Amino acid sequence: MTDTDGTRDPDALVRRAGKRADTRRDQHFLVDDRVLDRIPTYAEAMDLSHVLEIGGGPGALTDRLLAVADRVTVVERDPDFAAHLRAEFADAADRLTVVEGDALEVDLPEFTASVSNLPYGASSEIAFRLLPAGEPTVLMFQREFAERMVAEPGTDDYGRLSVTAGHYAESELVETVPPTAFDPQPRVTSALVRTTPREPDYTVPSDDFFMQFLKAVFTQRRKTMRNAVRNTAHISGLGDPDAVVDAADEALMSARAGTLTPADFADLATLAFDVGEPEPADE
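Residues numbered from 1 in each chain as written. Predicted model: local features only at pLDDT ≥ 70, side-chain atom pairs only at ≥ 80, totals over all residues. Heavy atoms only, no water.

(A) Main features of the packing of helix 7 (residues 160-168) against helix 8 (residues 207-218). Close contact between helix 7 and helix 8 brings their axes to 10 Å; oriented N to C, the two are set at 165 degrees. In this view, helix 7 runs roughly antiparallel relative to helix 8, as classed from their interaxial angle. Remark: the crossing between helix 7 and helix 8 carries right-handed chirality. Listed contacts from helix 8 to Arg160, Val163, Thr164, His167 and Tyr168 of helix 7 are Asp207, Phe210, Met211, Leu214, Lys215 and Phe218. Of the residues belonging to the contact of helix 7 with helix 8, the class tally is 6 nonpolar, 2 polar and 3 charged. (Axes fitted to C-alpha atoms, helices over the stretch in contact; angles between N-to-C directions. Helix = DSSP H or I, 4+ residues; strand = E, 2+ residues; numbered from the N terminus. Parallel < 35°, antiparallel > 145°, perpendicular 65-115°, else oblique. Left-handed = near helix turned anticlockwise from the far one by under 90°. Contact = heavy atoms within 4.5 Å. Nonpolar A, V, L, I, M, F, W, Y, C, P; charged D, E, K, R; others polar.)

Okay, here's the thing in structure tokens:
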């Protein structure tokens, strides 16, 4: 069942699961022992008393997490893999909980850290379900997504994702992972991102309004903020975008979204909330 170092062989886990990855469901199993062994090291400074893993598959990463964590909860939407995980790790049943269901729909437990090889298609939505929980993570993404997540203002990769991620945590790209580390091999290079929760150095009227405002203005990132604010009221929910433009600092209104800092966006969102007559939030 285990190698001489106490870990389970990833290829053997796939065989015992009796099921191949379904690429139509974004399943690409991480099978490179070296990468699997390194992933827990990126979480060494985290509280590993209860680790949440999204998408356990045949269990190669689950195996490594059980070696370092007090408790592990795995959310797995494929019923066959969920059953396999329960059977494969029956000897750790007192420390492992397998939740069968979609990570975007099930009730997530309280956790102290999340370490996951995320399905590509839902990685953004899952990440932004995890980050507001205020716990550290080590997450696998497509490299292009990871680079946008950690990008700085004024760079080509900087955008809504960079600001949104930075609102909740400091993000660091810690390793790129080649397609050969997976079975079947994806067509893209992947990357591991470590996030460390932090309080932003600015305030916003509400997280929901701030995120909606970012979504709006970044749809027109090539326009000046003056035009972006005016042209996207149907997204931001502003009833009077002209009032925001008139009240805002001219330098900010003349800039483009890709050059503004998160604090700049926070100032504009606060102003928009105060004078732009935003639609009331749904109850």
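After that view, the rundown keeps rolling.
(B) Layout of the sheet that holds strand 4 (residues 96-100). Read across the sheet, 7 strands follow the order 4-3-2-5-6-9-7 without closing on themselves; strand pairing throughout is mixed. Only two strands of the sheet have a single neighbouring strand rather than two, namely strand 4 and strand 7 (169-177). Taken pair by pair, the neighbouring strands of this sheet meet at an average axis angle of 25 degrees, ignoring direction. Sheet analysis places strand 7 next to strand 9 (residues 190-197), joined by 8 bridges and oriented antiparallel. Bridge pairing links Thr176 to Ala191 in strand 9. Against the sheet, helix 7 engages strand 7 and strand 9, with an angle of about 120 degrees to strand 7. (Pairing = 2+ DSSP bridges.)

(C) Focus on the pattern of salt bridges. Summed over the entire model, instances satisfying the criterion amount to 16 salt bridges. Note that Arg20 and Asp183 form a salt bridge whose closest N and O atoms lie 2.8 Å from each other. Placement of Arg20 in the loop between helix 1 (10-17) and strand 1 (29-30) and of Asp183 in strand 8 (residues 182-183) is noted, with a sequence separation of 163 residues between them. Accessibility expressed as a relative area gives 21% for Asp183, which makes it partly exposed. A cluster of three or more residues bridged by salt bridges with shared partners is formed by Arg8, Arg16, Asp33, Asp37, Asp63, Arg64, Glu88 and Asp91. (Salt bridge = Lys/Arg side-chain N within 4 Å of Asp/Glu carboxyl O. Buried < 20%, exposed > 50% of the residue type's maximum accessible area, 1.4 Å probe, protein only.)

(D) Representation of the nonpolar core. Core analysis: the biggest nonpolar cluster contains 52 residues, and Phe141, Phe210, Met225, Val229 and Phe265 have the highest contact counts within it. Among the elements that make up this core, the one with the highest residue count is helix 8 (7 residues). Among all residues touching Phe210, those that are not within four sequence positions of it are Val163, His167, Tyr202, Val204, Pro262, Phe265, Ala266 and Ala269. One finds Leu61, Ala92, Val98 and Leu192 within the second-largest nonpolar core, a separate group that totals 33 residues. (Core = buried A, V, L, I, M, F, W, Y, C linked by side-chain atoms within 4.5 Å.)

(E) Representation of helix 1 in the model. Of all the positions in helix 1, only Pro10, Ala12, Leu13, Val14 and Ala17 are classed as buried. Residue Asp9 occupies the N-cap position of helix 1, its side-chain oxygen lying 3.3 Å from the main-chain nitrogen of Asp11. Where helix 1 terminates, the next one or two residues include Gly18, which has phi positive at roughly 70 degrees. (Polar contact = N/O pair within 3.5 Å; in protein donor to acceptor, adjacent residues only side chain to side chain.)

(F) Main features of the environment of Ala181. As for its placement among the helices and strands, Ala181 is situated in the loop between strand 7 and strand 8. Its relative accessible area of 0% is what places Ala181 among the buried residues. For the pair formed by Ala181 and Asp70, sequence separation is 111 residues and the distance between their alpha carbons is 27 Å. What Ala181 contacts, discounting residues up to four positions off in sequence, is Phe29, Leu30, Val31, Asp32 and Val35.

(G) Representation of the side chain of Thr224. Along the chain, the position of Thr224 falls in the loop between helix 8 and helix 9 (225-231). Contact partners of Thr224, with chain neighbours within four places excluded, come to Met253, Ser254, Ala255 and Arg256.

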